[in-house]
Amino acid sequence: MSSTAKRLVMAYLMPDRRALIFALKGVISMAMAMYVAMWLDLDRPYWALVSAVFLQVRPETGMVLEKTVCQILGTLLGGTFALIILNFFIAYSGIVLFCLAMWLCLNASLSSLVRRINFIYFFAMAAVTPCIIILLTMATPSMVSSESIFNIAQERVSEIIVGSVCAMLVSLMLWPQRIENVLKQHAQHAINEAMAYLSVELAIDGSHELRHAHIDSTLESLTALNDDSSAVVFEGPTGQRQARAATVICNKILSLVAVVQIFGRLQRNNASLLSANMTTLLQKLREDVALIGSSLDFDECYTLAQQQRRKWRTLFDSNDLTALEYRLCRTAQEMVADLVIILRAYRAMNGGEPSSLKASSLTPYRDPLVALTTGFRTFLVFSIGAGLWIGTGSPAAIMLMILPVIFSIMFARLPSAVVKKSLRGVLIGATVAIPVAIFYALNLIAQSSGDFPVLVMILGVPLFLGLMLLASRPLLPYGLGFCIPFIILVQPGNDMSTSLSVAYTASNALAIMTGLIVLYWVFKLFAGPGMALMQQRLFMVTRKDLIKVGTPHHDVDWFNARMCDRLLRLSSYEKGMAAQGRIITDLALTGLNLGHIIMRIRKMVDSVSTQSLTQLMQAWQWALAESYVLAAQGETPALMNPVYRQIIAALEDQQAPKENIAMIEGVFERINLTFERTATMVRTADTRQEPLVDTRTEN
C-alpha cells in the first residue's frame, strides 16, 4: 500500500479532533450559504457552496478574513470586467471569448508574481468570475438583454459573496482558530531549524548532507512564516506587531545562515589559523546554539545569547589578536547580535514587551518568463475548452472553461512534480465524486420531500467526508477533487429539475473529467521553463543584486528579502539530485554570503580610507558579481585582481593602518580562492563525478 493510500485510510479510521472540527465547520458554513442563497432565490446557489469550500482550505481566522476580502474584491473586479465586455461585444461571440481568454492570461500571469496563497486566490477569482457570468449568458443567447446581463452578473457575484461571508462568520463564531498560533509555530520551527543548521555548520565533523537537510527545512519554514504573516493583521491590534516580528525573524535568520559559513569553513579546512581560545569559543558557540535550537524556554535562550555576546566582546577587546582573528571576532559579534534580535522578535511575537524592530518582508521572485508561461498555460486550457464548447454546442461543456481554469491558477506556483501529483489527486477525487453524486445524492434527493433539512442531511455526509481530507495538506487535492465536482454535479437549489436529469448530470460529469484531464496534460506538456534555464536566470538576477547591494536603499535587509525565495526555488529544483552534491544550492548560498561580504568590505574600506573610493569599490563589486556567474559556469575568473590591487594601492597611498590593509587584502585573496574552487567543482560535476568541495565562501 502506498503512503498516500495509508494516509487516506488513517484519515477515516483514526481521524484527529482537528479534522473532525474542520469538516463540521465546513458543512455548517455550506449549509448556511445554501440556505441564504435559496432564501434570496438566487438562480445557482451551488456557487455559494463552492465559494465556501475554497475558504475552508485554511480555516484560521486571519486567513479566512484575508481570503474573504481577496475573494470579494476579486469577484467585484471580475464582475465589472464581465459587464464591460458584454455591454460592448455581446453580439460578437468570437471577440467575447478572445477578450475573456486574454483576461485569464493576464490574471494567471499576475498570480505567478506573488507568493501568498490568498493573493493568488484574488487573481483566480478575478479570472473565474467573468467566466461564470459571460459563459452562462452566452449559453442562452435568445434571452440576452441589458437587464438579463445585469441580473446574471448580480446573481453570480451575490452567490460567491454569500458563500464567502457565511464561511467567514462560521470561522469566527465556531471553534475559532487563530493564525497567530500557527505563526508562532512557524517561528519556533524556523528558529530551531536555523540553530540546528548553525550547530552542524560549526561542527568540525559536520555532515554535508545534514547541513543541506537543515537548510532546506529552514528555508521552507521561513517561507511559511513570511507567507502567513500578512493574515495575522486581521486578528486584532497586536497583529501588526506580530507581522513585523515575523519579518525580522526571517531576515535575521538569513543573515545568520550567510555569516556562519565563515566559521564552518575555517574550522574544517583551516583550523591552524585559529588560536586555542578562538577554537574554544567557537565550540561553546556551537553548544549554545544547539541548546537554543532544542529549548522552548525563551529566557534561557536569551540568557545564553547574551552570555555569548559578552564573551565575544571580551575577546574582541584583547590586544593579542591577529588580523584574521580580529575580523572573526567582529563577525561573531554581529552574528550573536542578530541571534539576540531574533529572540527579541520571537518574544514580541509571543506577547512580550512591545517592540519597534523592523525588517524588509521577503520578496517573491518575479520572473517575466514564468509569468508568460503561466498565462499561456491558462490561455491554452481555456481555449481548448472553448473549442470543445463551440464544436459540441453542449451547455455542459461550459465546465471545461471554469473548473480547470481555477485549478490552473491555484496550482501554478507549485513545482512541476507537485503539480502533477496534486492534479492526479484531484482526478481521483472527481472520479469518486461522480458515482456518489449520481447514485447516492441525486437518487435520494429525487425520492425525498425536497425540504431543506433533508437536503442538508443528504449532502452533509459526503461533504463531511470530503472536507476531512481538506484538513490534511497531503490529502488536500483529493478533498478538493471530491467536494467541488460533487457540488457542481448535484447543483442544490430551489429548482433541481435540471440536475435530476440523468443525461444532464452525465454530460456535466463527462465535461468535468475531460477538463481535468486536459488540464493535467497541459501541465505535463507545458511544465514551464526547464530547470537549467531557471537556474541560469536565478543566478543572473542574483548577479544584479550583488552589484546593487550597498548602494543607497539597498542594504543587507533588502538583499536578504530578495534572496530567500531564490534559495528556496533553487533548492527545490535540485532536490532528488543528491548524487551531484547539491551544487546549485551551494552556489546559491555562496551568493547570499557574497552579499554580506560586500557590505562588510565596504564598511572596512570606509573605516580606514581618508578619501572616497566609491568608483573603485563599484568597479570591484561589478567584477565580483561577474566572477560569481563565471564560477557558477565552471570558469576560473580573474576579473577582480586588477581592481582590488588598485584599492590596496589607494589605501597604501592614504597611509591606512597596515594591519587593516592586510586584513582587507586577505579577504580579497580568499574570495579569489573560493571562485577557483567553485569553478573546479562545477567542472567536476559536469563530468558526473562527486564534487570535491562545497562552493560556499570561507570569508
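Rules behind the numbers
- Residues numbered from 1 in each chain as written.
- Predicted model: local features only at pLDDT ≥ 70, side-chain atom pairs only at ≥ 80, totals over all residues.
- Heavy atoms only, no water.
- Helix = DSSP H or I, 4+ residues; strand = E, 2+ residues; numbered from the N terminus.
- Rg over C-alpha atoms; globule rule 2.2 N^0.38 Å.
- Buried < 20%, exposed > 50% of the residue type's maximum accessible area, 1.4 Å probe, protein only.
- Axes fitted to C-alpha atoms, helices over the stretch in contact; angles between N-to-C directions.
- Parallel < 35°, antiparallel > 145°, perpendicular 65-115°, else oblique.
- Left-handed = near helix turned anticlockwise from the far one by under 90°.
- Contact = heavy atoms within 4.5 Å.
- Salt bridge = Lys/Arg side-chain N within 4 Å of Asp/Glu carboxyl O.
- pLDDT = per-residue confidence, 0-100.
- Nonpolar A, V, L, I, M, F, W, Y, C, P; charged D, E, K, R; others polar.
- Expected span 1.5 Å × (residues − 1).

### Looking at the overall build of the protein
And step 1. Summing up its helical and strand segments, the protein has 25 helices and 0 strands in all.
And step 2. Over its C-alpha trace the protein gives a radius of gyration of 29 Å, about what one expects of a compact globule, namely 27 Å for 699 residues.
And step 3. Taken along the three principal axes of its C-alpha coordinates, the protein extends 95 × 50 × 45 Å.
And step 4. Expressed as a percentage of its 699 residues, the buried residues of the protein come to 58%.

### Some remarks on the packing of helix H5 (residues 93-111) against helix H14 (residues 368-392)
And step 1. At a minimum axis distance of 7 Å, the contact between H5 and H14 shows a crossing angle of 150°. As far as their axial angle goes, H14 and H5 are roughly antiparallel. Once H5 is placed against H14, the crossing between them reads as right-handed. Listed contacts from H14 to Leu97, Leu100, Ala101, Met102, Leu104, Cys105, Ala108 and Ser109 of H5 are Ala371, Thr374, Gly375, Phe376, Thr378, Phe379, Phe382, Trp389 and Ile390.

### Side note on the pattern of salt bridges
And step 1. By the definition in use, this model includes 12 salt bridges.
And step 2. A salt bridge links Arg156 to Glu159; the nearest nitrogen and oxygen atoms lie 2.8 Å apart. Of the two residues, Arg156 and Glu159 are both situated in helix H7 (residues 146-173); the distance of 3 residues between them amounts to about one turn of the helix.
And step 3. The closest approach of N and O atoms between Glu180 and Arg178, which form a salt bridge, is 2.7 Å.
And step 4. Ionic contacts of the salt-bridge type, sharing partners, join the residues Glu155, Arg156 and Glu159 into one network.

### As for the confidence of the model for the protein
And step 1. Here the protein shows a mean pLDDT of 81. Residues at 70 or above account for 90%.
And step 2. For residues 688-699, every residue scores under 50 in pLDDT, and the model assigns this stretch 56 contacts once sequence neighbours within four places are set aside.

### Quick look at the packing of helix H8 (residues 179-202) against helix H9 (residues 208-229)
And step 1. At a closest axis distance of 8 Å, the pairing of H8 and H9 adopts a crossing angle of 155°. When the axis of H8 is compared with that of H9, the two are roughly antiparallel. Judged by the sense of rotation from one axis to the other, the crossing of H8 with H9 is left-handed.
And step 2. Grouping the constituent residues of the contact of H8 with H9 by class yields 14 nonpolar, 7 polar and 4 charged.

### Quick look at helix H2 (residues 17-39)
And step 1. Between its first and last C-alpha atoms H2 spans 33 Å; for 23 residues at 1.5 Å apiece the expected length is 33 Å, and the two agree.
And step 2. Asp41, located one to two residues past H2, shows a positive phi value of around 60°.

### Comments concerning unusual backbone geometry
And step 1. For Trp175, which is not glycine, the phi torsion reads 40° and is therefore positive.
And step 2. Mapped onto the fold, Trp175 is located in the loop between H7 and H8.
And step 3. Taking relative accessible area as the criterion, Trp175 reaches 41% and is therefore assigned partly exposed.
And step 4. One non-glycine residue, His553, adopts positive backbone phi at about 70°.
And step 5. The residue His553 is located in the loop between helix H20 (531-548) and helix H21 (556-574) in this model.
And step 6. A residue is classified by how much of its surface remains accessible, and His553, at 78% relative accessible area, is exposed.

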